[in-house]
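Remarks on the overall topology
Okay, here's what each chain looks like letter by letter:
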Amino acid sequence: MIFEPIVFTMKDGRTAILRPPEASDAANMLACLREESGETDFILTYPEDWDSMTVAQEESFLTACRNSPDCMMLICEVDGEIAGNCEINFYTHRMKLRHRAELAIALRKAYWGQGIAIHMFETLLAEARRRPNVTQAELAFTEGNSRARAFYEKMGFRVVGIRPDVFRLKDGTVRSEYFMMLKL
């Protein structure tokens, strides 16, 4: 989905831009995803999970998301660098699911605590609220990610379910996945 870029000031005074992705962002996006994946065990991937993804494949994905009326992806750019991304997906092709929207976010650690996530979520939730059939927003987080949970609760989400032992880390540790929902 294409939308007008949003410019805001981060807590440290720098300027950030939320904008739709472009195919030309693919290489930088892959580098950002690899970095985010290595900074915490709470993201669904390890850095090496991205090794099989080519720049051409990422270009195709970003273009498809940009052109889809059912997907809104935001890239946050700071000083010409991708700080993170988020996405909301709408289930418009399935009648029983049209009332739901699913959100996801990833932010490089260097940009945590700067107010970016709030701007991202407010933008995604505003889009969800503009859609007359969408009545709830949903997301998931990994067990132990108290920082994410606190943020999501601050944004109005509440835990509605748990799926045990969904993630297995390299050291064999297993973690559950918590599902959250926000009524719009």
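I will try to describe carefully the structure that is included in this document. Quick caveat, the model's predicted, so the values are computed rather than measured. (Residues numbered from 1 in each chain as written. Predicted model: local features only at pLDDT ≥ 70, side-chain atom pairs only at ≥ 80, totals over all residues. Heavy atoms only, no water.)

At their nearest, the axes of helix α1 (residues 26-39) and helix α2 (residues 55-67) sit 8 Å apart, and the two run at 100 degrees to each other. Classed by the angle they form, the pair α1 and α2 counts as roughly perpendicular. Of the residues in α2, those touching α1 at A26, A27, M29, L30 and L33 are V55, E58, E59 and L62. Of the residues contributing to the contact of α1 with α2, the split by class is 7 nonpolar, no polar and 2 charged. (Axes fitted to C-alpha atoms, helices over the stretch in contact; angles between N-to-C directions. Helix = DSSP H or I, 4+ residues; strand = E, 2+ residues; numbered from the N terminus. Parallel < 35°, antiparallel > 145°, perpendicular 65-115°, else oblique. Contact = heavy atoms within 4.5 Å. Nonpolar A, V, L, I, M, F, W, Y, C, P; charged D, E, K, R; others polar.)

Two strands pair when backbone bridges link them, and strand β7 (residues 158-168) and strand β8 (residues 174-183) are joined in this way by 7 bridges, in the antiparallel orientation. When the bridges of β8 are listed, R163 appears paired with E177. Hairpin connection, β7 to β8: the antiparallel pair is bridged by 5 residues, and G172 has positive phi, about 95 degrees. (Pairing = 2+ DSSP bridges.)

Examined against the element boundaries, E127 turns out to sit in helix α3 (residues 116-130). Assessed through its relative accessible area of 10%, E127 is described here as buried. (Buried < 20%, exposed > 50% of the residue type's maximum accessible area, 1.4 Å probe, protein only.)

The next point concerns the pairing of strand β1 (residues 6-9). Direction of pairing for β1 relative to strand β2 (residues 15-19): antiparallel, over a ladder of 4 bridges. If you follow V7 over to β2, its bridge partner there is I17. In textbook terms, the turn of a hairpin is the stretch between consecutive antiparallel strands, and for β1 and β2 this stretch comprises 5 residues, one of which, G13, has a positive phi near 95 degrees.

The complete set of buried residues in helix α4 (residues 146-154) reads A148, F151 and Y152. Axial view of α4: buried residues confined to an arc of 95 degrees, hence all on one face. More than 90 degrees from the buried face of α4, the exposed residues found are S146 and K154. Taken together, the buried residues of α4 touch β5 (100-107), α3, β6 (136-142) and β8. Backbone geometry just downstream of α4 places G156 in the positive-phi region, at approximately 105 degrees. (Arc of directions from axis to C-beta.)

Applying the stated criterion across every chain yields a total of 7 aromatic pairs. Between the aromatic rings of F121 and F157, the centroid separation amounts to 6.1 Å while the plane-to-plane angle is 80 degrees, which identifies the pairing as edge-to-face. Within this pair, whereas F121 is found in helix α3, its partner F157 is found in the loop between α4 and β7, the two being separated by 36 residues in sequence. Take F121 and F157: they sit in the same class, and that class is buried. When the ring of F141 is compared with that of Y178, the centres are 5.2 Å apart and the planes differ by 15 degrees; the resulting orientation is stacked. Here F141 is found in strand β6, whereas its partner Y178 is found in strand β8, with 37 residues between them in sequence. Y178 sits in the buried class, given a relative accessible area of 18%. Taken together through their ring pairs, the aromatic side chains of F121, F141, F151, Y152, F157 and Y178 make up a single cluster. Note that R131 overlies the ring of F90, its terminal NZ or CZ placed 3.7 Å from the centroid. In this structure, K170 packs its charged tip against the face of Y46, placed 4.3 Å from the ring centre. (Phe/Tyr/Trp six-rings, centres within 6.5 Å; stacked < 30°, edge-to-face > 60°. Lys NZ or Arg CZ within 6 Å of the ring centre and 35° of its normal.)

Turning to the packing of α3 against α4, a few remarks are in order. It is at 11 Å that the axes of α3 and α4 come closest, and there the two elements cross at 45 degrees. Judged on the interaxial angle alone, α4 and α3 are oblique. In this structure, α3 meets α4 at a crossing whose hand is right-handed. In contact with A117, I118 and F121 of α3, α4 contributes F151, Y152 and K154. Partitioned by chemical class, the residues of the contact of α3 with α4 number 5 nonpolar, no polar and 1 charged. (Left-handed = near helix turned anticlockwise from the far one by under 90°.)

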